[in-house]
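Chain residues, written in single-letter form:
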Amino acid sequence: MLLGIIFALIAGALVGLQNIFNSKVNEHAGSWATNVLVLGLGFIASLTLGLIFEGKQLFHLHHMQTWYWFSGAIGVGVVTCVVQGVKRLRPTIAISIVLASQLGFALFLDSVGALGLDPVPFTFKELIGVLIIIGGIIVFKFSGEQETQQSQKAS
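Report follows, based on the coordinates.

What counts, and at which threshold
The written sequence of each chain sets the order in which its residues are numbered from 1. A pLDDT threshold of at least 70 governs which residues receive local features in this predicted model, and a stricter bar of 80 or more applies before side-chain atom pairs are shown or counted, although totals over entire chains, interfaces and linings include all residues. Side-chain metrics rest on all non-hydrogen atoms present in the structure, leaving aside hydrogens and water. Secondary structure elements are taken from DSSP: a helix is a run of H or I of four residues or more, a strand is a run of E of two residues or more, and numbering for both begins at the N terminus. All radius of gyration figures rest on C-alpha atoms, and the globule criterion is 2.2 Å times the number of residues raised to 0.38. Summary of the burial criterion: residues with accessible area below 20% of their type's maximum are buried, those above 50% are exposed, and those between are partly exposed, where the area comes from a 1.4 Å probe applied to protein chains only. The contact criterion used throughout is that any non-hydrogen atoms of two residues lie within 4.5 Å. Using a 1.4 Å probe, the Shrake-Rupley method yields the accessible areas, and only the shown protein chains count as cover for residues. Multiplying 1.5 Å by the residue count of a helix minus one yields the expected span of that helix. The term salt bridge refers to a pairing of a side-chain nitrogen on Lys or Arg with a carboxyl oxygen on Asp or Glu at a separation within 4 Å. Axis geometry follows a simple rule: fit a line to the C-alpha atoms, using only the stretch in contact for helices, then measure angles between N-to-C directions, giving values from 0 to 180 degrees. Roughly parallel means an angle under 35 degrees; roughly antiparallel means over 145; roughly perpendicular covers 65 to 115; every other angle is labelled oblique. Definitions for this section: a left-handed crossing has its near helix turned counterclockwise from the far helix by less than a right angle. A right-handed crossing has that turn clockwise. Nonpolar side chains (Val, Leu, Ile, Met, Phe, Trp, Tyr) are joined into patches within 5 Å and like charges within 9 Å, using only residues with over 30% relative accessible area and no salt bridge. Only rings of Phe, Tyr and Trp enter the pairing, Trp through its six-membered ring, and a pair is recorded when the two centres are within 6.5 Å. The plane angle decides the type: under 30 degrees is stacked, over 60 is edge-to-face, the rest tilted. Amino acids are sorted into nonpolar (Ala, Val, Leu, Ile, Met, Phe, Trp, Tyr, Cys and Pro), charged (Asp, Glu, Lys and Arg) and polar (every other residue, Gly among them).

**Digging into the overall build of the chain**
Part 1 of the reasoning: Along the backbone of the chain there are five helices and zero strands.
Part 2 of the reasoning: Each helix (α) and strand (β) of the chain, taken in turn from the N terminus, gives the series α-α-α-α-α.
Part 3 of the reasoning: At 19 Å, the chain has a C-alpha radius of gyration far larger than the 15 Å of a compact globule built from 155 residues.
Part 4 of the reasoning: Out of the 155 residues belonging to the chain, those deemed buried represent 17%.
Part 5 of the reasoning: Within the chain, contacts between residues at least 6 apart in sequence are counted, and of these 53% link residues at least 24 apart.
Part 6 of the reasoning: With the model as given, the accessible surface of the chain reaches about 11,800 Å², and the carbon-plus-sulfur share is 72%.

What follows is the structure in structure tokens.
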């Protein structure tokens, strides 16, 4: 369990870092070029590391559902939407909303057992947790606006 927590923390840090990089690339290249760069380099890195660590086993896809192959295409939507969100909202707010949306959607998919997941009973504790996170984003967003307005008045 501890190793899972460590990996999740590292993933969160990497996603936050990647989204800032992606938004900076988008300032100079545009959305589609950003997608090509991000996902193309990701493909090259994944293929290289996969071959190094797994060799030919990398290509043994045991009994995988055909529709799982499309998960990479979902990445195009992820990169495009996150880059545009960061561009319009700033990284902290955009990523907070992305994470809350991700958590809410994961809760829904877990609860209904979608996409081959084992259903996990829905409880109001999970709903309250998601709502608290959403409340935190709202407080964070509006308190930041008030501080910005106050600092602009002071200047």
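The discussion continues.
**Focus on helix H4 (residues 91–112)**
Part 1 of the reasoning: Its 22 residues place the ends of H4 31 Å apart at the C-alpha level, agreeing with the 32 Å of an ideal helix rising 1.5 Å per residue.
Part 2 of the reasoning: Along H4, the residues classified as buried are Ile-93, Ala-94, Ile-95, Ala-100, Leu-107 and Leu-109.
Part 3 of the reasoning: Once H4 ends, the next one or two residues include Gly-113, with phi positive near 70°.

**So, the pattern of salt bridges**
Part 1 of the reasoning: The final tally for this structure, using the stated rule, is one salt bridge.
Part 2 of the reasoning: The closest approach of N and O atoms between Lys-24 and Glu-27, which form a salt bridge, is 3.4 Å. Linking Lys-24 with Glu-27, this pair stays in helix H1 (residues 2–29), spanning three residues, or about one helical turn.
Part 3 of the reasoning: Looking at Glu-27, the relative accessible area reads 54%, which means it is exposed.

**Side note on the packing of H1 against helix H2 (residues 31–54)**
Part 1 of the reasoning: Close contact between H1 and H2 brings their axes to 8 Å; oriented N to C, the two are set at 135°. Classified by the interaxial angle, the pair formed by H1 and H2 is oblique. As H1 runs across H2, the sense of the crossing is right-handed. Contacts between H1 and H2 involve Gln-18, Asn-22, Val-25, Asn-26 and Ala-29 from the former and Ser-31, Ala-33, Thr-34, Leu-37 and Val-38 from the latter.

**Focus on a nonpolar patch on the surface**
Part 1 of the reasoning: The grouping of Met-1, Leu-2, Leu-3, Ile-5, Ile-6, Phe-7, Leu-9, Ile-10, Leu-14, Leu-17, Ile-20 and Phe-21 at the surface amounts to a nonpolar patch, some 1,300 Å² of accessible area in total.
Part 2 of the reasoning: Within the secondary structure, Ile-6 sits in helix H1.
Part 3 of the reasoning: In this structure Ile-6 comes out as partly exposed when scored by relative accessible area, which is 38%.

**Considering the packing of aromatic side chains**
Part 1 of the reasoning: Under the counting rule described, the total for this entry stands at two aromatic pairs.
Part 2 of the reasoning: When the centroid spacing of 5.9 Å and the interplanar angle of 75° are considered together, the rings of Phe-122 and Phe-124 count as edge-to-face.
Part 3 of the reasoning: For Phe-122, a relative accessible area of 42% corresponds to the partly exposed category.
Part 4 of the reasoning: With a relative accessible area of 61%, Phe-124 lands in the exposed category.

**Things to note about the packing of H1 against helix H3 (residues 71–89)**
Part 1 of the reasoning: One can describe the packing of H1 onto H3 by two numbers: an axis separation of 9 Å at closest approach and a directional angle of 80°. When the interaxial angle is binned, H1 and H3 end up roughly perpendicular. Residue-level contacts link Asn-19, Asn-22, Ser-23 and Asn-26 of H1 to Val-79, Val-82, Val-83, Gln-84, Val-86 and Lys-87 of H3.
Part 2 of the reasoning: Looking at side-chain class alone, the contact of H1 with H3 contains four nonpolar, five polar and one charged residues.

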